[in-house]
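# Results of the structural survey
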Amino acid sequence: MTTTADRPATSSPTRVISINDGANIIVSHGDYAVIGTRPVRHDGVDKVTGRAVYGGDTRLNGLLFGKVLRSPHVHARIVSIDTSKARAVPGVHAIVTNADLPTAEDREVNLGEGGGNLKYMSDNVLASDLVLYKGHAIAAVAAINVHVAEAACALIEVEYEVLPAVHEIKAAIAEGAPLVHPSLTTKSLGKDTGVHSNITNHARLQIGDPDAAFARADVIAEGEFTTTMVHQGYIEPTNATAMWYADGKVTIWTSTQGSFAARDSTAQILGLPVSRVKAVPQEIGGGFGGKINVYLEPVAALLSRASGRPVKLIMTRAEVFQATGPAPGSYSKVKFGATKDGRLVAASAEIYMESGAYPGSDTGAAMRCLYSPYKIDDMRVDGYDVLTNRPKTAPYRAPGAPQAAFASEQVIDDLARKLGMDPVEFRLLNAAHEGTRLVNGPLHKKVGGIEVLEQTKAHAHYQSDLGTPSPGTKRGRGVAIGYWFNIGLPSSVAISVNADGSVTLVEGSTDIGGSRASIAMQAAEILGVRAEDVRPSVVDTDSIGYTGVTGGSRTTYATGLAAIEAARHVIAQMTARVAKVWSVSPDEVSHDHGAFRAGTRSMSFKDAAGHLDETGGPITGTASLDPQGHGGAFATVTCDVEIDVETGKTQVLKWTIVQDAGKAIHPSYVEGQFQGASAQGIGWALSEEYFMNSKGEMTNTSLLDYRLPTAFDVPMINTVIVEVPNPGHPFGVRGVGEASIVPPMAAVANAIRDAIGVRMHALPMNPGAILHALGTI
Amino acid sequence: MSVREAGAGSSAIPVRTRTAPPPSFTLNGTAVSLEGIDPHETLLELARGQGYTSVKEGCAEGDCGACTVAVRQTFARGSTYRAVVSCLTLAGQLSGVEAWTAEALSPAPLPDGTVEDLHPLQAAIADGGGTQCGYCTPGFAMSLFAAYYTAPRPGAAPEGDPAGEVLAGNLCRCTGYRALREAATALAGAGVGRSGDPFWERLARPMPPHPSVSVEGRDVIAFRPSTIDEAIQLKIAHPEARIVAGATDVGVEVSRGGRRFPAFIMLGAVDQLRDIGRDDTGLRIGAGVTIAELKVWVSPVTLPLVHRLLPWFGSRQIRNRATVGGNLMTASPVGDLSVAWLALDAKAVVQARTGTRTVPISRFFTGYRQTVVGPNELLMAVRVPPVVVPPGGRRVEWAHKVARRDRVDISTVVAAFTVTLNDRGVVTDARLAYGGVAPVPARAARAESALVGASWDADGTAAARAVLATEFAPIDDVRASVSYRARLVTNLFDRCVAETSAP
Ligand SMILES: Cc1cc2nc3c(=O)[nH]c(=O)nc-3n(C[C@H](O)[C@H](O)[C@H](O)COP(=O)(O)OP(=O)(O)OC[C@H]3O[C@@H](n4cnc5c(N)ncnc54)[C@H](O)[C@@H]3O)c2cc1C
Ligand code: FES
Ligand code: FES
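Bear in mind the structure is a predicted one, so any value in this text is a computation, not a measurement.

Our focus in this paragraph is helix α15 (residues 515–527) of chain A. Here α15 of chain A is 13 residues long and its end C-alpha atoms lie 18 Å apart, about the 18 Å a rise of 1.5 Å per residue gives. Two residues or fewer after α15 of chain A comes G528 of chain A, characterised by a positive phi angle close to 80°.

Structure representation (structure tokens):
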């Protein structure tokens, strides 16, 4: 194997654990009592028996049901709204419009993580003067049931003045394009250019002098790529229930990725201090980034204030598609240069990302991740946020990075082809490692890119033949790598000890991927008890300290750290109590694997818990922290495809994903994240898209026409968990939720290239696109 | 429970005096009255209203499977559980139905006095990582439940991807399906003969009678006739009433589209519509036969073309409800079976008060989503004529469905061909039927005539193929472009010739 001279020796993991006949492999370090085992998740029984309570299952006395009236136009001025006929419908209790919201200031507000412009947030929830996309909320009705509310919505009379619209990036950035926000001017490299356009922001990251470096390259590969808007596709529709109490306090029950984020946004939009809003997170049926922003919560609150009763709103699937935030479409140009011995010397790229109806897209993250797998001395990336008359985009798993990787990893594949090098070898030769400079400035901390690539190369899948294609088909194999930096953010945990030796753990992180288990297990490891002895619950915003959203692959890392700290706090107090029982000084008592010891004396955690009453009463350990030691993660996908060259259909035959987890707390849930993201990647690659007609209206707003993959479309996904510990976490956790969706689309495209000899420049690579690429249509 | 508002014009319907008992159905072993329930209400809404909130809504149109429940149905000499989507099951169809949701599976008392905390299939999902967010889980559990108690059909060729078939009607966005596939592979059929298992033992019990009891809301009535005569009488008395068979099309209009009908005639209890039989005029398939029943009945020998096509039809949940008659009457340009019937030269048997008439399928569709069946008529059956093959000759029956997904998708283009060859391999008769290339399922008449006399191979059929290429003018839509569809017309023909030219 070729390696770069300055690369540190890889820390070879200690042990390979293989289950399922080699299909799921863990390359592991470190032995623990609880961590790395696979207990049944704490919420598992409630979920398989159907007893878990989701947002839509919320029941309250006197509950009313709401419905939102939405814009039929892609872009229009609201001339007037007349609700009088709707108000006369028997069973209607309240109707609200933007006029019921406080006048929102045009200013940035801090929402704990990232900010938002208050006017935009408020207008997106209920349009004021303009509707900027089809499905934009205009008014809402609360009634005795949803059918009455629907009927009343149909009676609200809205007069529109239809405006010209822009439906996609290239049209939006064209000279003379209709403007989504005519008053906005382009900011470029931090300065206001004064130019009115749909480009709200242009940013640049640069290291060295790529233009000069390209002159030194022997081989150059480049390409232009587009991706279409796609949806996170959570199965549980967006929902919210609210009660505005007579004392002016508001409670919202909702399926959200961040109860504090939901509370803060709702409070800002309603013009209330956060102390008057409480968010109660309900079980959440998938989010993937799409359940961070609020859409219905402020509306439900307004309807409750107007009716004096609790109000529940649930979107239909068509509303979910048209009125929540999908992932942005993108347009990118990418160029890489290498020497003839295969070293990357220069890179440049431009990335345009849609932000939809209001400013702010995932461009920054796309720019940060684009070159991260590689060591390149001279590189530049320009990023542009582009407004379109489409729903305001929202995060979707590693937001921005998959679109960028779809472009860059195909160009890297071309470069390896031109150089006649094996694609994994080429990536290994240029792999980034600890100390490699990132395009945004800092150096990589300890990362597992090389280990991940080595496991990819060694995997039986990569070593195997493609096999014989069925008649009329061609087969190919593709590989791609992706990076996600992961994040930290504040978290809080409280652990109380019960007399029977079990503990109760309360946290503010809503659980979307098994985090209750992974956090409880970290506490159990420190306390020296079994995972089952920890009872985790996700509580409302009045019951725990501030906790950031479940997103950015932060929860097992950051809330895990809080759980570890809280557990240590418990142990410190328990040690003192045990010392009291034994009449020794606390310094003489040690704790190890659930046993307290002093000299020859020993007491189990459970027995110690039994002494709490007589030694000073209950014990609660708490921790609130804002950790900074998160570590980025690499993932590769190897996939084999078979393409029917007569129908253009691509079948994924084999799929292996290798990812650095740092430490897999509960390996099954880590594998679950890899597999789930892989399936989403297969959909994004082959079949999912917002299909727009010439008027810019989405025409596939049902799950029959918006094609999420079924079990039939997804092969048995093989996983390899690589554990290169993150030094910023005692167990080495990195966070696993996102890196896995970065490489799939590029890997599939590279496999298609391998099979049919044609480079795919756009997503989705559906049957029509394949026949088109083949030149047969 | 919510009550829908009245639709316009509904007050004109005379309400029948009821002689039958009040309508009800069984949900998780307990009788639930349907008295006064609006027949538009879905089983999804009813079950949730009863507190069974494991039944989840993800789409309200049969695509996601989150609302899957199991119903017990008569089968052979006993009964069987079938997965169905509750969002497309209307209250008006429910009289006498026995339905089960995930809440009922556990804890289960076993006869030896022990209690099973979790049903084995629930344990398998929880242990194996088959649930993450859990929203899809109860629906998967019920699809697995039906598979768990269903024995593989003796002698049936194993399906290419049996686990995929069990799961294809349920979407999961979190797990990537691996753990669910493992559970399906391990558990399909595992509950068959499991002594002491109350769900298994129940299958030997007689089904509750299928009473022909109407469900009557405030101003909408769903009639439930038990004979064809009664159904026709009702249709004549209430020409505005919507006929419902499996409701996989009508249910979408109600559940997603919010459509209101002034009245319904539910055909579910008309047993005469459910027969499949053969006589000297060929096969007769009742309009009420479900796609699932047809799929069991057909084989590579009987109706090879239909046998080839049916695995692509919907999902298990849809096939368990969707009927042959509903598929024809919906008159979709991409109705898969319509295309098959066209190629098979089948005929529709239509019943009016004055008697029956028989209409060739080639004259059945009169325009986009329109048929020859009049407002007072009922589709009774489809007749497929016997196959006549010249001595020493052979018959080619071939079909292919192209959709963006292999299961639960609407055809982009679907093709069904029957070609008769004489002893010299020369075409004596050809029918090339397509869906998705014209406003109605259509035959390529000019290419068919050009084929007669041609030898059945790539060279011999070249002239006919050239004609075929100009025969249709397809349209652009969300599923594909004009050029893609046009290309598929000839590509599918080529594939058929390549696969079948050598005997
Ligand atoms: C998720 C999903 C997947 C699907 N996949 C496919 C597919 O792969 N291929 C395909 O072809 N279709 C598919 N469909 C469409 C649908 O399932 C079929 O058209 C089905 O055969 C309709 O039968 P039904 O009994 O449910 O019809 P219903 O909804 O009960 O009725 C359909 C129409 O026929 C009329 N009707 C029914 N029976 C009679 C009768 N005896 N006399 C007169 N009128 C009658 C009804 O009034 C109504 O207008 C799918 C639907 C869904 C929701
Ligand atoms: S709710 Fe999606 S299939 Fe019924
Ligand atoms: S577990 Fe979330 S959709 Fe299946």
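Turning next to the sheet that holds strand β8 (residues 130–131) of chain A. Residues and elements named next belong to chain A. A sheet is described by the order of its strands in space; here three strands give the open sequence β8-β4-β10, paired in antiparallel fashion. The open sheet has two edge strands with one neighbour each: β8 and β10 (157–162). Across two bridges, strand β4 (residues 76–82) lies against β8 in antiparallel orientation. The partner of A76 across the bridge, within β8, is V131.

For any two helices packed against each other, one specifies the inter-axial angle together with the distance between the axes. Residues and elements named next belong to chain A. It is at 8 Å that the axes of helix α19 (residues 667–686) and helix α20 (residues 744–756) come closest, and there the two elements cross at 55°. Relative to α20, the element α19 is oriented oblique. Once α19 is placed against α20, the crossing between them reads as right-handed. Every residue of α20 that contacts α19 at G681, W684, A685 and L686 is listed here: P744, M745, V748 and I752. Its residues assigned to classes, the contact of α19 with α20 shows seven nonpolar, one polar and no charged.

Residues of chain A with pLDDT of at least 70 account for 97%, and the chain-wide mean is 95. Here residues 1–5 of chain A scores under 50 on pLDDT; set against residues more than four positions off or in separate chains, the count is 12 contacts.

In this section: the domain arrangement of chain A. All names here are of chain A. Here chain A is partitioned into domain 1 (1–31 + 445–486 + 631–777), domain 2 (55–163 + 232–323), domain 3 (183–231 + 325–442) and domain 4 (488–625). Counting the contacts that link domain 1 with domain 2 gives zero salt bridges. On the surface where domain 1 and domain 2 come into contact, there are two residue pairs in polar contact (both at pLDDT 80 or more). Tallied by class, residues from the side of domain 1 that touches domain 2 come to five nonpolar, five polar and two charged.

Looking now at the site of ligand 1. Residue and element names in this part refer to chain B. Ligand 1 sits among 34 residues. The nearest are I243, A245, G246, T248 and T323. A distance of 2.6 Å separates an oxygen atom of ligand 1 from a polar atom in the side chain of T323. Contact with the protein chains removes 95% of the 990 Å² of surface that ligand 1 exposes when unbound. Secondary-structure elements contributing two or more residues to the shell around ligand 1 are β10 (242–244), α8 (250–255), α12 (324–330) and β18 (378–384). The element that contributes the greatest number of residues to the shell around ligand 1 is α12, accounting for four residues. Of the residues belonging to the shell around ligand 1, the class tally is 18 nonpolar, nine polar and seven charged. In terms of domain composition, the shell around ligand 1 takes at least three residues from each of domain 1 (273–384) and domain 2 (394–500).

Procedures and definitions
Within each chain, residue numbers correspond to sequence positions counted from 1 in written order. To label them, take the chains in the order written and letter them from A, then take the ligands in the order written and number them from 1. At least 70 in pLDDT is required for a residue's local features to be given in this predicted model, at least 80 for side-chain atom pairs to be given and counted, and no such filter applies to totals for whole chains, interfaces and linings, which use all residues. With hydrogens and water excluded, all non-hydrogen atoms of the structure serve as input to the side-chain values. Secondary structure elements are taken from DSSP: a helix is a run of H or I of four residues or more, a strand is a run of E of two residues or more, and numbering for both begins at the N terminus. The span you would expect from a helix comes to 1.5 Å times its residue count less one. Only strands joined by at least two bridges in the DSSP assignment are considered to pair. Angles run from 0 to 180 degrees between N-to-C directions of axes, and those axes are lines fitted to C-alpha atoms, restricted for helices to the stretch in contact. What sets the label is the angle itself: under 35 degrees gives roughly parallel, over 145 gives roughly antiparallel, 65 to 115 gives roughly perpendicular, and the rest give oblique. Take the far helix as the reference: if the near one is turned anticlockwise from it by less than a right angle, the crossing is left-handed, and if turned clockwise, right-handed. Contacts are residue-level and defined by heavy atoms, with any inter-residue pair within 4.5 Å sufficient. Residues are grouped as follows: Ala, Val, Leu, Ile, Met, Phe, Trp, Tyr, Cys and Pro are nonpolar; Asp, Glu, Lys and Arg are charged; every other residue, Gly included, is polar. Per-residue confidence from the predictor is reported as pLDDT, a score between 0 and 100. Segmentation of the chain into domains, including their bounds, is taken from an automatic or database domain assignment. Salt bridges are defined by distance alone: a side-chain nitrogen of Lys or Arg within 4 Å of a carboxyl oxygen of Asp or Glu. The term polar contact refers here to a pair of N or O atoms within 3.5 Å; inside protein, the definition further demands a hydrogen-donor-capable atom paired with an acceptor-capable atom, and it admits residues adjacent in sequence only when both atoms are side-chain atoms. We call a residue near a molecule or strand when any one of its heavy atoms sits within 4 Å of it. Note that accessible areas follow from Shrake-Rupley with a 1.4 Å probe, and for residues the cover is restricted to the protein chains shown.

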